[in-house]
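Residue-level structural notes
So you can see what is in the structure, the chains are spelled out below.
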Amino acid sequence: MTDGGMIKGGYLGNILHIGLTEKKFWLEEVSEDFALKYIGGRGFGAKIVMDNLHEGMDPLGPENILVIAPGVLSGLYVPAAGKTSFVSISPLTGIYADSNMGGMFGVEIRQAGYDALVIHGRAPEFSYIWIDDDQVQIRDASKYRGKMSTSTERELKEDLQDEEIKVATIGPAGENLVRFACVNSEWSRNAGRTGMGAILGSKNIKAIAVRGTKDLPTYDLDKLVKISDRAYETLNGHPMMKFWQEEGLMSVIDYANTLGIIPTRNFSDAHFEYADRINGEVMTSRYKIGDSACYSCPMACGNICLVKSGKYAGTVTEGPEYESAAMLGSNVGINDFSAVLRGNYLCDELGMDTISSGSLVATVIEGYERGLLSLEDVDGIALSWGDDSSIMMLLEKIANREGIGDVLAEGAKGVIEKFPHLEPLISHVKGMDQSAYDGRVGVTMALAYSTSDIGAHHARAWTIAKELEVGANWTLEEKIDLVIYHQTVRPLFDMLGVCRLPWIELGFDENTYAEFYTAATGVEVTLDDLLEKSKNIYNLTRAINMRMGVTRTDDHPPERTFNDPIKTGPHAGEHMDRNLFEQLLEIYYQRRGWDKDGRPSEEQLHECGVL
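Residues numbered from 1 in each chain as written. Predicted model: local features only at pLDDT ≥ 70, side-chain atom pairs only at ≥ 80, totals over all residues. Heavy atoms only, no water.

Comments concerning the overall build of the chain
- In terms of helices and strands, the chain carries 25 helices and 17 strands.
- The C-alpha radius of gyration of the chain comes to 23 Å, within 12% of the 25 Å expected for a compact globule of 611 residues.
- Looking at the chain as a whole, 64% of its 611 residues qualify as buried.
- A separation of at least 24 residues holds for 69% of the contacts in the chain among residues at least 6 apart in sequence.
- Between the mean site of the 58 positive side-chain charges and the mean site of the 90 negative ones, the chain shows a separation of 2 Å. (Helix = DSSP H or I, 4+ residues; strand = E, 2+ residues; numbered from the N terminus. Rg over C-alpha atoms; globule rule 2.2 N^0.38 Å. Buried < 20%, exposed > 50% of the residue type's maximum accessible area, 1.4 Å probe, protein only. Contact = heavy atoms within 4.5 Å. Lys, Arg positive; Asp, Glu negative; His and termini not counted. Charge placed at Lys NZ, Arg CZ, Asp CG, Glu CD.)

Quick look at unusual backbone geometry
- The amide bond that connects G319 to the next residue, P320, takes the cis arrangement and shows omega of 5 degrees.
- By the secondary structure assignment, P320 is in the loop between strand 15 (316–318) and helix 11 (322–327).
- The phi dihedral of K23 is positive, around 55 degrees, even though this residue is not glycine.
- Positive phi, close to 60 degrees, is recorded for A80, a residue that is not glycine.

Some details on the sheet that holds strand 11 (residues 189–191)
- Across the sheet, which stays open at both edges, the six strands sit in the order 8-7-12-9-10-11 with mixed pairing between neighbours. Looking at the sheet topology across the chains shown, the edges are occupied by strand 8 (135–140) and strand 11. When strand polarity is set aside, the average angle formed by the axes of neighbouring strands in this sheet is 20 degrees.
- Each of strand 7 (127–132), strand 9 (166–169), strand 10 (183–185) and strand 12 (205–211) touches helix 4 (residues 149–159); the most contacted strand, strand 9, lies at about 145 degrees to it. (Pairing = 2+ DSSP bridges. Axes fitted to C-alpha atoms, helices over the stretch in contact; angles between N-to-C directions.)

Looking at the domain arrangement of the chain
- For the chain, the domain assignment lists domain 1 (14–211), domain 2 (240–433) and domain 3 (444–608).
- Summarising the inter-unit geometry, the C-alpha centres of domain 2 and domain 3 are found 26 Å apart.
- Between domain 2 and domain 3, the contact holds 30 residues from the first and 32 residues from the second.
- Summing both partners gives a buried area of about 2300 Å² for domain 2 against domain 3, and 64% of it is carried by carbon and sulfur.
- It is V429, K430 and M432 in domain 2 that bury the most area against domain 3; as a group they hold 26% of the surface buried on that side.
- Linking domain 2 to domain 3 there are two salt bridges.
- Between D555 and K430 there is a salt bridge, with its nearest N and O atoms 2.9 Å apart.
- Linking domain 2 with domain 3 are nine residue pairs in polar contact (both at pLDDT 80 or more).
- If one sorts the elements of the side of domain 2 that touches domain 3 by residue count, helix 9 (residues 252–259) sits on top with three residues. (Domains from an automatic or database assignment. Buried area = accessible area lost by both parts, 1.4 Å probe. Salt bridge = Lys/Arg side-chain N within 4 Å of Asp/Glu carboxyl O. Polar contact = N/O pair within 3.5 Å; in protein donor to acceptor, adjacent residues only side chain to side chain.)

With respect to helix 17 (residues 443–451)
- Most of helix 17 sits out of view: nine of its nine residues are buried.
- When helix 17 is considered as a whole, its buried residues turn out to be V443, T444, M445, A446, L447, A448, Y449, S450 and T451.
- In this structure, the buried residues of helix 17 make contact with strand 16 (428–429), helix 18 (464–470), helix 19 (476–496), helix 22 (527–547) and helix 24 (578–592).

Some thoughts on the pattern of salt bridges
- Within the structure shown, the criterion is met by 38 salt bridges.
- Taking the shortest distance from any N to any O, the salt bridge between D481 and R591 comes out at 2.7 Å. With D481 in helix 19 and R591 in helix 24, this residue pair connects regions lying 110 residues apart in the sequence.
- A residue is classified by how much of its surface remains accessible, and D481, at 34% relative accessible area, is partly exposed.
- Bridged by salt links that share partners, the residues R42, D98, D453, R460 and D494 form one connected network.

Side note on the packing of aromatic side chains
- What the rule picks out here adds up to 18 aromatic pairs.
- The interplanar angle of 20 degrees and the centroid separation of 6.3 Å between the aromatic rings of Y11 and F44 together place this pair among those described as stacked. Note that Y11 is positioned in the segment before strand 1 (14–19) and F44 in helix 2 (residues 42–51), a separation of 33 residues in sequence.
- Accessibility expressed as a relative area gives 1% for F44, which makes it buried.
- Site record: aromatic cluster; members linked through ring pairs are F493, W503, F508, Y513 and F516.
- Over the face of the ring belonging to F126 we find R145, whose NZ or CZ atom lies 4.1 Å from the ring centre. (Phe/Tyr/Trp six-rings, centres within 6.5 Å; stacked < 30°, edge-to-face > 60°. Lys NZ or Arg CZ within 6 Å of the ring centre and 35° of its normal.)

With respect to the sheet that holds strand 2 (residues 24–29)
- Here we have six strands laid out as an open sheet, ordered 2-1-6-3-4-5, and mixed in their pairing. The strands lining the two open edges of the sheet, one partner per strand, are strand 2 and strand 5 (96–101). The average angle at which neighbouring strand axes cross in this sheet is 20 degrees, direction not considered.
- Across six bridges, the pairing between strand 4 (residues 84–89) and strand 5 is antiparallel. Counted as the bridge partner of S85 is N100 from strand 5.

As for the state of the cysteines
- Summed over the entire model, instances satisfying the criterion amount to zero disulfides.
- Here C294 is not cross-linked by a disulfide; its sulfur's nearest cysteine counterpart is in C297, at 6.5 Å.
- In this model C297 remains outside any disulfide bridge; the closest cysteine sulfur is found in C499, 6.0 Å from its own. (Disulfide = S-S within 2.5 Å.)

Concerning the packing of helix 13 (residues 354–369) against helix 14 (residues 388–400)
- Following both chains from N to C, one finds helix 13 and helix 14 inclined at 115 degrees, their axes separated by 11 Å at the closest point. Crossing of helix 13 over helix 14 shows right-handed handedness. Of helix 14, the residues touching helix 13 (which contributes S357, V361, V364 and I365) are I391, L394, L395 and I398. (Left-handed = near helix turned anticlockwise from the far one by under 90°.)

Remarks on the packing of helix 7 (residues 221–236) against helix 21 (residues 512–521)
- It is the contact of helix 7 with helix 21, at a shortest axis distance of 9 Å, that shows an interaxial angle of 155 degrees. Judged by the inter-axis angle, helix 7 sits roughly antiparallel to helix 21. For helix 7 against helix 21, the interelement crossing comes out left-handed. For the pair helix 7 and helix 21, contact is made by K223, L224, I227, S228, R230 and A231 and by T512, E515, F516, T518 and A519, respectively. (Parallel < 35°, antiparallel > 145°, perpendicular 65-115°, else oblique.)

Here's the deal with the environment of S185
- Here S185 shows up in strand 10.
- S185 sits 22 residues away from A207 along the chain, and the two C-alpha atoms are 9.6 Å apart.
- Once you skip the residues sitting within four places of it in the chain, S185 turns out to touch M101, F105, E153, V167 and A168.
- Separated by 2.7 Å, the side chain of S185 and the backbone oxygen of V167 make a polar contact.

Have a look at this one:
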């Protein structure tokens with residue numbers, strides 16, 4: 001990045017390209033125009049993926065790239081500034097994808113001197129990448145083949161003789177190209193959902209280890225410190241802060257069950273009669289032994305839990321949070337918190353997304369119970385709701401691609417291809433399994449899932465709480481605007497490299513992030529300025545998806561949302577009206593400025609850098 005422009009700090013000015021096939025490494029200078037337009041993190045990744053897109057590209061082929069991009073605030077003295085984005089074309093969905101990881105891995109990349117890493121090709125041998133500031137090597141990883149995520153990280157640190165390096169690794173699921181395999185770091189920080197672990201596996205890469213020793217450039221450090229001191233004071237003074245530090249996201253179990261939106265027995269219901277056995281209170285009173293936090297985050301919402309007795313005694317893991325507890329608990333009928341912990345542990349160690357794992361396991365349980373799958377189809381395992389032993393067995397079968405696990409490892413699309421009659425039972429959008437919030441009673445959540453650029457993921461727009469709290473006294477346009485605002489502000493957090501939880505859970509003022517950006521870079525911006533950049537990224541990822549074959553027909557919630565009324569709880573008998581949804585989608589496209597098929601305008605495509 002040249003001197004004399006608008007940008008005076010924040011950016012390192014370099015993107016490191018790693019060519020695995022020929023073991024070549026090169027630096028690309030980050031131009032000021034590029035930085036100002038795409039901000040960082042998810043924004044950098046989306047543009048780089050677009051520029052490397054090939055028609056008919058196999059997501060697991062060497063032509064697919066993987067971008068790892070922290071945000072411009074990652075590693076600075078800013079609350080919860082430890083986020084980094086993994087961006088590519090997903091092997092699960094076949095469309096645009098990004099996964100977000102907390103912790104310290106992205107911070108270390110920036111301290112090594114890079115705004116992003118771009119991984120190309122495929123290593124000839126099973127390898128790991130070692131980045132030591134300016135030195136980059138591809139090293140033999142044969143001794144780590146088949147090892148679990150945390151043991152790989154621990155052994156790499158021992159072998160490199162540095163406990164302070166940061167490591168991102170894949171487990172057996174990633175090596176075996178499970179299409180929803182994760183990238184794991186620092187025990188249970190995961191880039192999950194979209195199959196980034198499978199992409200690393202396809203590139204013959206077991207891990208990436210980074211050591212960074214450089215200072216991060218900041219335009220006005222004194223100003224940044226003052227703003228952040230005020231921010232920490234505000235967050236620490238919030239009346240819910242102590243509760244969040246105690247339970248973290250596990251508090252959502254009771255909340256979702258009371259609202260009647262918790263996934264229950266493969267989304268066949270939305271109220272779990274045993275929720276009080278797998279909730280935050282059970283965790284804190286019987287299992288929790290410590291807290292953990294991502295870089296610079298006062299919320300410390302990670303829970304370290306230990307199973308002290310029973311058949312899973314000795315299981316220790318960081319987690320679960322709500323999504324994992326619901327998808328590996330109520331959604332598969334488990335009402336024993338120690339079994340939930342075991343499922344979470346297995347998914348982390350094997351390197352698999354907990355949401356997709358819980359969804360697909362629940363699908364085959366329901367399929368077997370309803371006589372749609374034979375005993376032979378499920379490897380002779382007499383599946384039933386809540387049978388934790390068989391559920392743990394299925395998780396291991398998926399990671400190792402054994403028997404029915406080989407089918408489930410292909411994700412929702414693969415299961416439908418093998419067993420077309422199971423399609424009505426699989427809650428997915430664009431091939432991604434739905435997150436742990438039922439969409440039958442919340443039209444904003446159904447719309448958010450349907451129009452998400454990566455598939456049915458709650459982190460794209462978590463609108464259900466406000467919709468159900470406000471009730472019926474607001475217009476369709478207001479509901480749609482809420483979805484669009486979430487789909488605009490949330491990418492901004494990923495572009496900046498900060499966590500969304502202070503905003504969504506503690507009401508932290510998002511305008512402050514413009515102040516952070518200005519202090520870090522020297523570029524005077526308002527929140528509206530940054531949100532315009534974020535809108536462009538959503539148009540950019542929409543353009544990528546349309547090139548990959550996405551059409552209006554893909555922007556719909558799971559059929560179960562329309563066809564299967566909720567059975568019990570406060571919303572018993574309710575389901576989504578199909579005509580109402582079509583009306584919502586029409587208005588959504590209009591308010592986005594897209595045409596009737598969901599295509600951004602030429603002006604929008606030009607603005608986001610596609611044309």
